[in-house]
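Commentary on secondary and tertiary structure
Take a look at the letters that make up each chain.
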Amino acid sequence: MPELERLHQQPSGSIPPFRVDVKVHDLLKKAPSKPFVPPPPSPQPLTLPEPVFPQRPELLGDDGSEIPRPRPGESPYRRRWTPPLIYHTMRGWLFPYIKSRVLPGDFHPIIAYLFTEWKCNLDCHYCWAFDNRVKGMTEDTARRSIDWLHSTTCRVLALMGGEPLLRPQFVHKVVYYAAKKGFWVYLPTNARLLRPEVIDRIGDAGVATVNFAVDAVDEKPGLPKALNPVRKYFDYLIKKQYKYGYTVFFNINICRTNLEDVKQLTEIAHDNGIATDYHINESPMIEQPHFKHLDENSTYITREDWPRVDALLDWLIEKNKSGYKMVNSVRRLNDMKAFLRGRVEPWNCRAGMNSLIIRVDGTLAPCFPMYSASYDWGVVGAHKFETSQLQEMKKSCQTHCFSTLNHNLGYCYDDGRVIRWVLKQALRGFQGVSGSFYD
Ligand code: SF4
């Protein structure tokens with residue numbers, strides 16, 4: 001019986017500390033193949049260049065203009081995609097894909113997650129992805145990471161945490177340096193520190209998209225990522241996207257306690273012409289000893305909640321079909337119902353080959369669920385990803401994993417789908433350039 005199904009058959013409050021098979025868990029957590037060490041510091045630690053700011057002074061601040069609203073009958077998602085913006089997106093995603101298809105070997109990253117922080121200013125009760133004892137990434141590691149990735153096929157850099165904006169100046173430097181090197185830069189944030197000055201800095205530096213993580217309209221017990229406390233920042237972010245050229249989307253985690261909020265946030269996103277990306281709440285895939293809320297967690301979906309969650313997913317599917325812009329396809333939303341019930345079919349995971357994570361200390365892992373693994377996959381500048389090891393591991397973890405990015409990447413890693421998508425976007429005048437990739 002799949003671990004997740006077992007999870008829901010246990011008395012409420014009793015959650016297994018990990019979900020992959022014991023053998024794979026032992027390999028990942030207990031038996032490093034080599035001593036696990038961060039990369040040695042450079043003899044002369046590198047720094048990131050001081051960003052020139054503002055590069056476009058005419059865009060700074062609030063000029064009093066209104067957020068462009070669609071005219072009656074016009075799509076709320078309509079915006080001007082200029083040739084430089086289209087080229088920037090193709091350089092980030094399409095060209096690396098093509099290179100990865102023609103170059104020999106298996107390690108050709110398209111997207112890398114750079115964990116600049118492992119601390120957070122909030123405590124969402126489902127989230128194990130922070131530990132406030134861990135120091136953030138150094139400039140030396142950030143610079144070496146970006147330089148190394150630049151020497152590969154990779155041109156999408158996703159900052160990660162924790163909360164990256166705990167150090168806004170550091171993030172400004174990373175975005176500026178990476179964008180100057182041609183990366184398509186993605187910034188996720190809980191937005192508590194996304195002040196207008198910070199928005200101007202990251203917009204001016206060239207951020208490509210902002211993942212605005214929010215789970216509720218007003219704060220709820222265990223769910224502090226709420227929109228109303230940061231509504232002013234949200235409005236400013238939306239307004240300035242048309243000036244700087246970045247996009248924004250809501251990242252929403254579907255939990256036991258926010259089902260009505262998910263609907264409200266979906267409508268707010270639609271009214272503001274931005275996409276949504278949904279996740280289904282899940283317990284850690286591998287053991288996270290620092291995680292405080294494994295037991296008695298009010299956000300975890302139980303068997304009794306399945307009908308309510310199914311109804312919400314059906315509502316989202318209808319919205320998706322009616323034209324609401326979502327990162328998740330109808331098929332993926334339907335798959336969430338199966339995932340809840342512990343059913344995930346093997347899929348084409350590309351982690352460790354076309355995607356990877358770089359931890360705050362510069363060590364590497366294939367994916368976010370493996371952040372706390374002690375297996376040695378190498379360090380920045382010297383990866384040790386081996387296809388045979390990854391394939392063996394994925395025989396177990398794929399059937400427990402609902403990673404949105406890696407599922408999308410695995411699905412899209414197909415020449416026929418890529419060609420069809422590019423043709424579809426071209427026919428639409430690239431109006432849906434950041435939309436779903438699914439057929
Ligand atoms: S299936 Fe892929 S993304 Fe998911 S845990 Fe395994 S390696 Fe990571």
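How each quantity is defined
Residues numbered from 1 in each chain as written. Predicted model: local features only at pLDDT ≥ 70, side-chain atom pairs only at ≥ 80, totals over all residues. Helix = DSSP H or I, 4+ residues; strand = E, 2+ residues; numbered from the N terminus. Rg over C-alpha atoms; globule rule 2.2 N^0.38 Å. Buried ≥ 20, exposed ≤ 12 C-beta atoms within 10 Å, placed from the backbone. Contact = placed C-beta atoms within 7 Å. pLDDT = per-residue confidence, 0-100. Core = buried A, V, L, I, M, F, W, Y, C linked by C-beta atoms within 7 Å. Axes fitted to C-alpha atoms, helices over the stretch in contact; angles between N-to-C directions. Parallel < 35°, antiparallel > 145°, perpendicular 65-115°, else oblique. Left-handed = near helix turned anticlockwise from the far one by under 90°. Near = placed C-beta within 6 Å. Nonpolar A, V, L, I, M, F, W, Y, C, P; charged D, E, K, R; others polar. Expected span 1.5 Å × (residues − 1). Pairing = 2+ DSSP bridges. Right-handed = clockwise from strand over helix to strand, strands pointing away.

1. What about the overall build of the protein chain?
If you tally the helices and strands in the protein chain, you get 13 helices and ten strands. The C-alpha atoms of the protein chain give 21 Å as radius of gyration, which agrees with the globular expectation for 439 residues (22 Å, within 12%). Seen through its principal axes, the protein chain has C-alpha atoms that stretch 55 × 55 × 45 Å. A total of 439 residues make up the protein chain; the buried ones form 41% of that total. At a minimum sequence separation of 6, the contacts of the protein chain that also span at least 24 residues come to 77%.

2. Comments concerning the confidence of the model for the protein chain
Per-residue confidence for the protein chain gives a mean pLDDT of 89, with 91% of residues at or over 70. Note on residues 1-13: pLDDT under 50 across the span, and 20 contacts to partners over four residues away in sequence or across chains. This model gives residues 433-439 a pLDDT under 50, and the stretch forms 17 contacts once residues within four places in sequence are excluded.

3. Let's talk about the nonpolar core
In terms of nonpolar packing, the biggest core is built from 108 residues, with Leu-114, Leu-157, Val-175 and Val-185 touching the most fellow members. Of the residues forming this core, the biggest block, eight residues, is contributed by helix H5 (residues 168-180). Not counting the four nearest positions on each side in its chain, Val-175 is found in contact with Val-185, Leu-187, Ile-202, Ala-205, Gly-206 and Val-207.

4. A look at the packing of H5 against helix H6 (residues 196-205)
Contact pair H5 / H6: the axes reach a minimum separation of 8 Å and the direction vectors enclose 15°. What the angle tells us is that H5 and H6 run roughly parallel. Here the hand of the crossing between H5 and H6 comes out right-handed. Contact residues: Pro-168, Val-171, His-172, Val-175, Tyr-176 and Ala-179 in H5; Val-198, Arg-201, Ile-202 and Ala-205 in H6.

5. Some points on the site of the ligand
In the vicinity of the ligand there are 13 residues, among which Cys-349, Ala-351, Cys-367, Cys-397 and Cys-401 approach most closely. Grouping the amino acids of the shell around the ligand by side-chain chemistry returns nine nonpolar, three polar and one charged.

6. Details of helix H9 (residues 306-321)
The end-to-end C-alpha separation of H9 is 22 Å, in line with the 22 Å expected for 16 residues at 1.5 Å each. Gly-323 sits one or two positions beyond H9 and adopts a positive phi of about 115°.

7. Things to note about the packing of helix H8 (residues 259-271) against H9
One can describe the packing of H8 onto H9 by two numbers: an axis separation of 10 Å at closest approach and a directional angle of 10°. As far as their axial angle goes, H9 and H8 are roughly parallel. Here Leu-259, Val-262, Lys-263 and Thr-266 of H8 lie close against H9, whose contacting residues are Arg-308, Val-309, Leu-312, Trp-315, Leu-316 and Lys-319. Here the residues of the contact of H8 with H9 are counted per class, giving six nonpolar, one polar and three charged.

8. Some thoughts on the sheet that holds strand S5 (residues 247-254)
The eight strands are arranged S6-S5-S4-S3-S2-S1-S7-S8 in an open sheet whose pairing can be described as mixed. Because the sheet does not close on itself, it has two edges, and the strands there are strand S6 (275-280) and strand S8 (364-365). Direction of pairing for strand S2 (residues 156-160) relative to strand S3 (residues 184-189): parallel, over a ladder of three bridges. Note on S3: the bridge partner recorded for Leu-157 is Val-185. Set on the sheet, helix H3 (residues 83-102) makes contact with S2 and S3; between it and S3 the angle comes to about 85°.

9. Examining the environment of Ile-274
Turning to its location among the elements, Ile-274 is positioned in the loop between H8 and S6. Apart from residues no more than four positions distant in its own chain, Ile-274 is found in contact with Ile-238, Val-248, Phe-249, Phe-250 and Ala-269.

10. Let's talk about the pairing of S6
A regular strand carries its side chains on alternate faces of the sheet. Sheet analysis places S5 next to S6, joined by six bridges and oriented parallel. Following the sheet pairing, Phe-250 is matched in S6 by Thr-276.

11. Quick word on the environment of Glu-304
Topologically, Glu-304 is positioned in the loop between S6 and H9. The sequence separation of Glu-304 and Arg-256 amounts to 48 residues, and the corresponding C-alpha distance is 10.0 Å.

12. Considering unusual backbone geometry
With an omega of -5°, the peptide bond running from Phe-53 to Pro-54 counts as cis. Residue position: Pro-54 is located in the loop between helix H2 (22-29) and H3. Positive phi outside glycine occurs at Ala-191, with the angle close to 75°. Mapping Ala-191 onto the fold places it in the loop between S3 and H6. Of note, the phi angle at Glu-296 is positive, near 55°, even though the residue is not glycine. As for its position among the elements, Glu-296 is in the loop between S6 and H9.

13. Points about the pairing of strand S4 (residues 209-213)
Across the five residues that make up S4, a large majority, four, are buried. The sheet contact formed by S3 and S4 spans four bridges and is parallel. When the sheet's bridge partners are listed, Thr-189 is paired in S4 with Phe-212. Bridge count for S4 against S5 is five bridges, and the pairing is parallel. Each residue of the ladder has a partner; that of Asn-211, found in S5, is Phe-249. Following the backbone out of S4, through helix H7 (residues 231-244) and into the adjacent parallel S5, one traces a crossover that is right-handed.

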